[in-house]
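Single-letter residue listing:
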Amino acid sequence: MKVRVDAAACVGHGRCYELAPGVFGEDERGHCRVLLPDVPPEQQKPARAAEANCPERAIQIEA
Amino acid sequence: MSAPNPDPEARTVNLFAPEFARCPQEVYARMHAECPVARAAITNSPVISRYEDVIWALRHPDLFSSEMELQMALGTERPMIPQQIDPPAQTRYRKLLDPHFSRKKMAELEPDMRGYANDLIDRFIDAGRCDFDPDFAVPLPCTAFLRLIGLPLSDLEFFLELKNGIIRPQLKTQSIDQEVNRTARVESGRQIYAYFEEVIDDRTARPGDDLMTQLVHAEIGGERLSRNEILDICFLLLLAGLDTVTATLGCNIAYLAANPKQRRSLVEKPELTDGAVEELLRWETPVTGVPRVARKDMTVGGLEIKEGELVTLLLGAADIDADEFEASDRVDFERARNRHLAFGGGPHRCLGSHLARMELRVAMQEWHRRIPEYQVAPGEAPRYSPGIREVLYLPLVWDAPR
Ligand code: HEM
Ligand code: SF4
């Protein structure tokens with residue numbers, strides 16, 4: 001599984017790093033920073049939750 | 001979805017009716033079924049209700065601008081920063097402000113918040129009853145605000161008074177005369193500005209470890225913020241950061257008082273708190289809508305919108321849209337997909353969302369840890385205010401601990 005974040009769409013709701021702290025982190029402004037672009041199996045569930053809770057639809061997942 | 005109802009009456013919504021404040025979900029559902037873009041009663045301005053339309057509008061400030069005629073006339077004649085300005089100017093302010101409101105920064109305040117919540121509960125827990133709004137929902141966010149900016153907590157009463165003078169001057173003046181209330185509001189605004197002026201002087205001379213000091217020394221592109229900019233930012237924080245949290249706390253506790261099964265699930269499994277906070281934000285959406293000005297003629301949801309019209313993006317309606325949310329009329333603390341817009345979206349996403357979430361989490365946890373069983377006082381009913389859905393009257397009772 002791979003994740004990407006569309007930096008132009010992200011406005012810092014912070015749902016991603018709240019729900020999947022192992023996969024996503026935050027920059028100074030609270031915008032998303034991908035920590036693990038290649039998501040290991042044990043992190044895939046939280047990564048999906050992050051995608052499903054980002055109001056800006058800024059997270060893309062490729063299985 | 002059924003075709004839009006051609007009857008113009010049916011295409012009108014009254015967002016200021018008492019029924020709407022109490023149970024807006026019914027009105028939202030009717031809009032989705034009959035008129036996804038309606039016109040507001042009295043003002044006749046367009047009201048957009050579908051999730052897809054609302055998030056699209058939020059993300060297009062070029063079409064839906066936040067730069068509008070100043071409504072909260074306070075004699076400043078300046079827009080509120082950053083709420084009433086569009087990108088790219090707005091972006092510069094957000095770059096400066098965002099780091100001070102990040103989740104990490106807000107987490108530093110969490111232990112103090114827990115203390116404040118418990119101090120308030122200590123005052124009434126033995127009585128077995130409280131008037132939730134003035135006893136808990138109002139003072140908690142106000143205390144958080146004082147702590148955040150770096151103001152003495154002893155100024156709480158003074159602050160509450162001025163805040164009410166601005167947001168609900170009619171409570172203070174006991175008058176419905178617009179002119180009387182406008183004068184009261186301007187006077188309260190003047191006093192708040194004077195108060196903040198003093199604090200700015202103080203922090204310029206004696207820097208502290210607080211937001212006010214950071215604002216005084218902050219720079220955009222090598223330039224310091226002007227005194228007016230700092231004043232306007234503080235003022236907006238006050239307008240945006242108090243009643244919103246108060247309203248959300250009231251909506252949440254009123255919901256849980258009426259739904260004991262869900263309340264018990266929260267008491268038994270405190271780890272559900274975050275999910276409950278998000279789901280109740282979605283279901284109740286206390287800031288029901290945000291205003292924008294149309295920048296050109298458009299047709300949205302079958303309704304023509306003219307350039308220059310004031311448009312309401314009905315966040316609350318978007319948040320129960322069945323096209324976006326599975327089983328949208330069910331309140332589910334374990335909802336897997338919840339992209340709610342209670343904090344808005346796009347460039348104006350609530351600056352205080354991380355603070356608000358922290359306050360809500362702490363308040364819900366501490367309340368239910370200390371007062372797990374409670375109900376609305378028998379024979380009484382909660383009363384919601386229109387606009388921001390503050391539960392002005394929410395008398396609660398419980399068995400006092402022995
Ligand atoms: C549960 C509580 C809260 C809710 C539901 C809420 C809701 C909102 C919404 C919907 C917006 C978007 C307005 C728009 O798009 O025109 C907004 C903006 C804003 N909020 Fe909040 N808010 C809350 C708490 C707070 C707190 C605690 C603060 C600050 C201490 C705050 C400060 C702001 C500011 C400064 C803006 C303007 C941001 C901009 O325009 O760039 N809010 N809020
Ligand atoms: S949830 Fe979405 S908008 Fe929010 S920080 Fe993460 S990627 Fe950005």
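Position labels on residues start from 1 in each chain and follow its written sequence. For naming, the first written chain is A and the first written ligand is 1, with later ones following in the order written. The model is predicted, so local features are restricted to residues of pLDDT at least 70 and side-chain atom pairs to those at 80 or more, both for listing and for counting; the totals for chains, interfaces and linings are taken over all residues. Just so you know, side-chain values use all the structure's heavy atoms and leave hydrogens and water out.

(A) Focus on the coordination of the iron atom of ligand 1. From the protein, the iron atom of ligand 1 takes a single donor atom, Cys350 of chain B (SG), 2.3 Å away. Relative to the helices and strands, Cys350 of chain B is located in the loop between helix 17 (315–318) and helix 18 (353–370). Donor atoms (N, O, S) are those found within 2.8 Å of the metal centre, with the cutoff raised to 3.2 Å for Na, K and Ca; water is not part of the atom list, so apparent gaps in a site can occur. For helices the rule is a DSSP run of H or I covering at least 4 residues; for strands it is a run of E covering at least 2, with both sets numbered from the N terminus onward.

(B) Focus on the interface of chain B and chain A. Taken together, the contacts link 28 residues of chain B with 19 residues of chain A. Take the accessible area each of two parts loses on contact, using a 1.4 Å probe, and add the two losses: that sum is the buried area. Both sides together, the interface formed by chain B and chain A hides about 2,000 Å², and carbon and sulfur atoms give 38% of it. The three residues of chain B that bury the most area against chain A are Arg103, Arg339 and Arg349 of chain B, which together make up 28% of that side's buried surface. The term salt bridge refers to a pairing of a side-chain nitrogen on Lys or Arg with a carboxyl oxygen on Asp or Glu at a separation within 4 Å. For the interface between chain B and chain A, the tally reads seven salt bridges. Here a residue-residue contact requires only that any non-hydrogen atoms of the pair lie within 4.5 Å.

(C) Highlighting the sheet that holds strand 15 (residues 395–397) of chain B. Residue and element names in this part refer to chain B. Two strands pair if DSSP finds at least two bridges between them. The strand order across the open sheet built from three strands is 5-15-12, with neighbouring strands paired in antiparallel fashion. In the strand order of this sheet, the two ends are held by strand 5 (129–131) and strand 12 (375–376), each with one partner. Relative to strand 15, strand 5 runs antiparallel, the two sharing three bridges. The residue bridging Arg129 from the neighbouring strand is Val397, located in strand 15.

(D) Examining the site of ligand 1 more closely. All names here are of chain B. Every one of the 24 residues lining ligand 1 counts as a neighbour, but Gln90, Arg94, Arg292, His348 and Cys350 are closest to it. Taking Gln90, its side chain carries an N or O atom lying 2.8 Å from an oxygen atom of ligand 1. Pairs of N or O atoms are called polar contacts if they sit within 3.5 Å, as long as, within protein, a hydrogen donor faces a hydrogen acceptor (for residues adjacent in sequence, only side-chain-to-side-chain pairs). The backbone of Ala240 places a nitrogen or oxygen atom 3.3 Å from a nitrogen atom of ligand 1. Sorting the residues of the shell around ligand 1 by element identifies helix 4 (89–97), helix 13 (227–241), helix 14 (243–258), strand 8 (290–294) and helix 18 as the ones contributing at least two each. Lys, Arg, Asp and Glu make up the charged group, whereas Ala, Val, Leu, Ile, Met, Phe, Trp, Tyr, Cys and Pro make up the nonpolar group; the residues left over, Gly among them, are polar. For the shell around ligand 1, the per-class residue count stands at 14 nonpolar, eight polar and two charged. Any residue with a heavy atom lying within 4 Å of a molecule or strand is counted as near it.

(E) Inspection of the pattern of salt bridges at higher detail. All names here are of chain B. For the coordinates displayed, the defined rule picks out 37 salt bridges over all chains. Across the salt bridge formed by Asp243 and Lys163, the nearest N and O atoms sit 2.7 Å from each other. Note that Asp243 is positioned in helix 14 and Lys163 in helix 9 (residues 156–167), a separation of 80 residues in sequence. Judged by relative accessible area, which is 3%, Asp243 ranks as buried. Per-residue accessibility, obtained with a 1.4 Å probe over protein chains only, is compared with the maximum for each type, and a residue is labelled buried under 20%, exposed over 50%, and partly exposed between these values.

(F) Representation of the packing of helix 9 of chain B against helix 11 (residues 178–205) of chain B in the model. Residue and element names in this part refer to chain B. The N-to-C vectors of helix 9 and helix 11 enclose an angle of 140 degrees; their axes lie 7 Å apart at closest approach. It follows that helix 9 is oblique to helix 11 by the angle criterion. Both helix 9 and helix 11 take part in a crossing whose hand is left-handed. Taken together, the residues of helix 11 that come into contact with helix 9 (itself represented by Phe158, Phe159, Leu162, Lys163, Gly165, Ile166 and Ile167) are Ala184, Arg185, Ser188, Gly189, Gln191, Ile192, Tyr195 and Phe196. Residue composition of the contact of helix 9 with helix 11, by class: nine nonpolar, four polar and two charged. Angles shown run from 0 to 180 degrees and are taken between the N-to-C directions of axes, each axis being a line fitted to C-alpha atoms and, for helices, limited to the stretch in contact. Should an angle lie under 35 degrees it is considered roughly parallel, over 145 roughly antiparallel, and from 65 to 115 roughly perpendicular; all remaining angles are considered oblique. By convention the crossing between two helices is left-handed if the near helix lies anticlockwise of the far one by an angle smaller than a right angle, and right-handed if it lies clockwise.

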